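This is what each chain is made of:
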Amino acid sequence: MALASSINGVDLINVRQHGRQFCPIHPLVNFRNLKIRRFERVIRAESQMTNPRPIVVKPEIDFNDPDWKKKFLEDFDKRFNLPHLRDVLDIQPRPTTFSLKTRGTLDVGNGAAREDWNGFVSDDDRALLKVIKFASPTSAGAESIDPDCSWVEQWVHRAGPRKQIYYEPREVKAAIVTCGGLCPGLNDVIRQIVLTLEKYGVKNIVGIPYGFRGFSDEGLSEVPLSRQVVQNINLTGGSFLGVSRGGPSTSDIVDSIQAKRIDMLFVLGGDGTHAGALAIHNECRMRKLKVSIVCVAKTIDNDILLMDKTFGFDTAVEEAQRAINSAYIEARSAYHGIGLVKLMGRSSGFIAMHASLSSGQIDICLIPEAPFKLEGPNGVLVHLEYLLKTKGNAVICVAEGAGQEYLKKSNTTDASGNVVLSDIGVHVQQQIKRHFKDVGIPADVKYIDPTYMIRACRANASDAILCTVLGQNAVHGAFAGFSGITTGICNTHFVYFPVTEVIASTRYVDPNSRMWHRCLTSTGQPDFE
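These numbers come from a predicted model, not from an experiment. (Residues numbered from 1 in each chain as written. Predicted model: local features only at pLDDT ≥ 70, side-chain atom pairs only at ≥ 80, totals over all residues. Heavy atoms only, no water.)

### Brief notes about the confidence of the model for the protein chain
The line we're drawing: As a per-residue measure, pLDDT tells how confident the predictor is, with possible values from 0 to 100. Note on contacts: a residue pair qualifies if any of its non-hydrogen atoms lie within 4.5 Å across the two residues.
Taken as a whole, the protein chain shows an average pLDDT of 86; of its residues, 84% reach a score of 70 or greater. Below pLDDT 50 for its whole length, residues 1–58 participates in 212 contacts with residues either more than four positions away or in separate chains.

Printed below as a string of structure tokens:
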């Protein structure tokens, strides 16, 4: 069983039943009746630049040991300890220059911080990783460490500004890079990083154009950034700096970082980008460079481990409503109308599930984590017949990664190493048309794919707030001396995670979770297995 941190309890899933490879390494793992469990930790190999070897760790838990909780927590604390510049460099902190008490930086002229502001976060502040105590492994969405569902407090580092910083702001050169695909909110994060850097007193801020390739392409120059430049970029979608997949090797990127004299690098991207950032961080440590690599998780699929949600997800769900509403109007207006909407979600069905819940117009929701049959007495097509007979129309929402077992496998990958998926939307559309032709029932099928319209949107209010906080906390983390970290929201609190922990696997919807059960209650769909 694999852990995936959740929105409202979307947590555990048996990914092996879907033909996925996974090694559970997370703080909460469903052990059921096992007394001793070996579990293997694999830090994913793929990055956007290179394919470094996976790091494999094999801890063991013996639940017959009366000290197993203590040993578990010791291992947990080691894993979630934040990498710091002090780990490899002999450096001393200085009082911070950040404050909201003045228009400028916090400095009384001699480098000493004023003591009359209590807006700082202590390095010892923590937030709980999980807050639900499950009574039984059979509870909906239950996740447990041991067979008895013992309560074990697991604390992670709280994000925010520290009283002590490890850089002289006036000497810092900070860079921002956006990688992967587009996502609502990228410009909001860029803007907040720049504004917060300036609040610390940083004057030299640049953007790296078009992802990691901006480090090596001689035709691409750094983009100078300032409050004046970024003031209004949040009013439009896309990325002010541009995005791309792939790029040069880790070594070449770090060579470029050294040549450009970059002290802080803020990396915005998904799990593949995070893996690339981790490789950069490790190379910088090996060279003993005073460079902080700080990530902000970007994926509308919401498939990053341990976080409540990632920026862009709320906007994606909201924009999906437009496509669903159009499909509903088309279906309702036609005789035996069937509206079919394909949404993003190559591995995880969070967008499809939440869009189906929020719209109230979906009759069938298909996601990668819940296997389904198209044919047969319990299949999707027979249920469509029932819907047309009873209500006259139907609307289907399908995630792009659902039902790939029905399609011809693709042997091609994109520049990030992701397998190019076959189009499940077109396949379902064709199967619906064929089925109703065979049974002699007229059906009018309308297929809508809003994928790129959703990605290019401006962030909505909810995501804009999230992006604002994430951008600010990324800067606070860099000045605090952390590196190889990412910032996110966990149980409504903003925290820092080591990148190694969030890229260990993809986060999945749990078909036994309360949220998926709520979705099934809303759609009224039966079990299609």
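Once the structure has been displayed, the description carries forward.
### Notes on the state of the cysteines
Here is the rule we go by: When two cysteine sulfur atoms lie within 2.5 Å, the pair is treated as a disulfide.
Considering all chains together, one arrives at zero disulfides under this definition. No disulfide involves C183; its nearest neighbouring cysteine sulfur is the one of C467, lying 7.4 Å away. Distance from the sulfur of C519, which forms no disulfide, to the nearest cysteine sulfur (C365) is 4.1 Å.

### Considerations on empty space enclosed by the protein
Applicable threshold: For cavity detection a 1 Å grid was placed over the protein atoms alone, and a set of points counts as a cavity when a 1.4 Å probe fits there but cannot get out; an open set counts as a pocket when protein lies on both sides within 12 Å along at least five of seven lines, with lining residues being those that have an atom within 4 Å of a point. Grid points are joined across faces, edges and corners, and a volume is the space filled by probe spheres set on the points. The numbering of helices and of strands both runs from the N terminus, where a helix is a DSSP run of H or I of at least 4 residues and a strand a run of E of at least 2. Each residue gets one label: Ala, Val, Leu, Ile, Met, Phe, Trp, Tyr, Cys and Pro are nonpolar, Asp, Glu, Lys and Arg are charged, and the others, such as Gly, are polar.
This structure, assessed with the given rule, holds three cavities of 30 Å³ or more. Approximately 60 Å³ is the volume found for the second largest cavity. What lines the second largest cavity is H84, L85, V88, H281, C284, R285, L289, V291, I293 and S483. When residues in the lining of the second largest cavity are grouped by element, the largest group, three residues, is from helix α5 (residues 271–286). Among the residues making up the lining of the second largest cavity, the classes are represented as six nonpolar, three polar and one charged.

### Some words on the nonpolar core
Put simply, the test is: Throughout this description, the term nonpolar core refers to a set of buried Ala, Val, Leu, Ile, Met, Phe, Trp, Tyr and Cys residues connected via side-chain atoms within 4.5 Å. Each residue's exposure class comes from its accessible area (1.4 Å probe, protein chains only) as a fraction of the maximum for that residue type: buried when under 20%, exposed when over 50%, partly exposed otherwise.
By size, the foremost hydrophobic cluster in this structure holds 74 residues, and its most contacted members are I176, L197, M264, F266, F311 and F479. In contact with F266, not counting residues within four places along its chain, are A174, A175, I176, V177, I193, L197, V294, A474, V475 and A478. Listed in part, the 45 residues of the second largest apolar core include V177, L289, F497 and I503.

### Side note on the packing of helix α2 (residues 186–200) against helix α11 (residues 461–479)
Two quantities define a packed helix pair, namely the angle between the helix axes and the distance between the axes. As a reminder, the rule being used: Only C-alpha atoms enter the line fits that serve as axes; for helices the fit covers just the stretch in contact. Angles between N-to-C directions range over 0 to 180 degrees. Note on terminology: angles under 35 degrees are roughly parallel, angles over 145 are roughly antiparallel, angles of 65 to 115 are roughly perpendicular, and the others are oblique. Each helix crossing is assigned a hand: it is left-handed if the near helix lies turned anticlockwise from the far helix by less than a right angle, otherwise right-handed if that turn is clockwise.
Interaxial distance between α2 and α11 falls to 8 Å at its minimum, and their mutual angle equals 40 degrees. As judged from the angle between their axes, α2 and α11 are oblique. Helix-helix and strand crossings are classified by hand; for α2 and α11 the assignment is right-handed. Taken together, the residues of α11 that come into contact with α2 (itself represented by D188, V189, Q192, I193, T196, L197 and Y200) are A464, C467, T468, G471, Q472, V475, H476 and F479. Of the residues assigned to the contact of α2 with α11, the class counts are eight nonpolar, six polar and one charged.

### Points about the pattern of salt bridges
Selection rule: Salt-bridge detection follows one rule: a side-chain nitrogen of Lys or Arg within 4 Å of a carboxyl oxygen of Asp or Glu.
For the structure shown, the criterion picks out 20 salt bridges. Between R162 and D123 there is a salt bridge; the shortest N-O distance is 2.8 Å. Placement of R162 in the loop between β9 (155–158) and β10 (164–165) and of D123 in the loop between β7 (94–95) and β8 (126–128) is noted, with a sequence separation of 39 residues between them. Note on R162: relative accessible area 3%, which makes it buried. Each of D75, R79 and E501 takes part in a single network of salt bridges with overlapping partners.

### Observations regarding the sheet that holds strand β20 (residues 485–490)
What counts is decided by this rule: Should DSSP find at least two bridges between two strands, the strands are regarded as paired.
Within the open sheet, the nine strands sit side by side as β8-β9-β21-β20-β15-β14-β11-β12-β13. Their pairing is mixed. Among the strands making up the open sheet, the edge pair consists of β8 and β13 (223–224). In this sheet, strand β21 (residues 493–498) lies alongside β9 in antiparallel orientation, the contact comprising two bridges. Residue pairing in the sheet places R158 in a bridge with V495 of β21. On top of the sheet, helix α1 (residues 68–80) reaches β9 and β21; it is set at about 25 degrees to β9, its chief contact. Lying over the sheet, α11 contacts β14 (264–269), β15 (292–297), β20 and β21, oriented at roughly 50 degrees with respect to β21.

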